[in-house]
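The primary structure of each chain is shown beneath.
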Amino acid sequence: MSEPQGSEGTTQRLPVIEKDTDPGHGGYTAASDYDVPVVHDGDGKGGRFWSARRVPAGIVAVLLLAGAGVLLYDVAAVRAERPAMHWRRALARQLAERPLDDTWVLVGAGVAAALGLLLVVLALTPGLRQVLPMRRTHADVRAGLQRAAAAMVLRDRAMEVSGVQSVRVRTSRKKADVRAVSHFRELDDVRADLDAVLGDAITGLGLARPPALSVHVGRSGRKG
């Protein structure tokens, strides 16, 4: 994941050093541009970043390893003509004696189903909801912008509008909710300026799916 340069998240071309066969130039010469293959598939929109989810995967792996190890040890002990572990005999007896509509059987089945559904959801959803994917302009580069960073940029741009006293910005994947407090000027004028400034700011973020802008402007609740 590459980090955006500045508030607009643009990528700059960097000079590269190419080898020169002329010994009079010291063997190297500077090139002004480096051509990178540009993505031409559609409008350059990229999908969301997928989370590695190392913690859930590690927990599941440890539990499965521990359970498999204990079960393998018990099976080997039975094969060696030793009695099975008490917990396995008790579990087998309980499963044989309890009916399917027993409360504890239903609770255990519900917990197992919920854990299985959670694992399926984690496997099928990308995660990383805090990272907003940016437009892809180069084939080998994928960039993302933190939602907190996007909210900070919008807040700073909103504070530049005349008449704005304070701003609170909340961003999601689909919406940017801006609530501003104005201490002078007409509210409609402040709202119009905020719509224009924040609209340009959202475009300048370079997001693959720009969030919808929602602006609310009010007066301070303090009484004189």
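Description of the structure in this document.

1. Remarks on the overall build of the chain
- Of regular secondary structure, the chain possesses five helices and seven strands.
- For the chain, the proportion of its 224 residues judged to be buried stands at 24%.
- Across the chain, the fraction of contacts at a sequence separation of at least 24, relative to all contacts at a separation of at least 6, is 58%.
- Of the roughly 16100 Å² of accessible surface on the chain, a fraction of 59% belongs to carbon and sulfur atoms.

2. A look at the pairing of strand β6 (residues 175-182)
- Where strand β5 (residues 164-171) meets β6, seven bridges bridge the pair, whose relative direction is antiparallel. Residue pairing for β6: R170 is matched across the bridge by D177.
- Here β5 folds back onto β6 in antiparallel fashion, the turn holding three residues.
- One ladder, built from eight bridges, connects β6 with strand β7 (residues 212-219); its direction is parallel. Paired with S182 across the bridge in β7 is R219.
- Regarding topology, helix α5 (residues 187-204) serves as the crossover connection from β6 to the parallel β7, and that connection is right-handed.

3. A word on α5
- Here α5 spans 25 Å end to end across 18 residues, near enough to the 26 Å set by a 1.5 Å rise per residue.
- Listed in full, the buried residues belonging to α5 are V190, L194, L198, A201 and I202. One side of α5 carries all its buried residues, which in axial view fall inside an arc of 90°. Across α5 from its buried face, at more than 90 degrees, point the exposed residues D188, D200 and T203.
- Buried residues belonging to α5 abut α4 (147-159), β5, β6 and β7.
- In the segment just after α5, G206 is the residue with positive phi, at about 70°.

4. Focus: the sheet that holds β5
- Spatial ordering of the open sheet is given by β5-β6-β7, a layout of three strands whose pairing is mixed. Edge positions in the sheet fall to β5 and β7, since each has one partner strand and no second. Sheet twist, expressed as the mean angle between neighbouring strand axes with direction ignored, is 15°.
- Each of β5 and β6 touches α4; the most contacted strand, β5, lies at about 160° to it.
- Sheet strands touched by α5: β5, β6 and β7. Its angle to β7, the strand with the most contacts, is close to 150°.

5. With respect to unusual backbone geometry
- Within the chain, E81 stands out as a residue other than glycine whose phi angle is a positive 65°.
- Structurally, the position occupied by E81 is in the loop between α1 (54-79) and α2 (86-97).
- Its identity as a non-glycine residue notwithstanding, R185 has a phi of 75°, on the positive side.
- For R185, the position within the fold is in the loop between β6 and α5.

Reading the values: the criteria
- Residues numbered from 1 in each chain as written.
- Predicted model: local features only at pLDDT ≥ 70, side-chain atom pairs only at ≥ 80, totals over all residues.
- Heavy atoms only, no water.
- Helix = DSSP H or I, 4+ residues; strand = E, 2+ residues; numbered from the N terminus.
- Buried < 20%, exposed > 50% of the residue type's maximum accessible area, 1.4 Å probe, protein only.
- Contact = heavy atoms within 4.5 Å.
- Areas by Shrake-Rupley, 256 points an atom, 1.4 Å probe, with all protein chains shown as cover.
- Pairing = 2+ DSSP bridges.
- Right-handed = clockwise from strand over helix to strand, strands pointing away.
- Expected span 1.5 Å × (residues − 1).
- Arc of directions from axis to C-beta.
- Axes fitted to C-alpha atoms, helices over the stretch in contact; angles between N-to-C directions.

Structural measurements only, silent on function.
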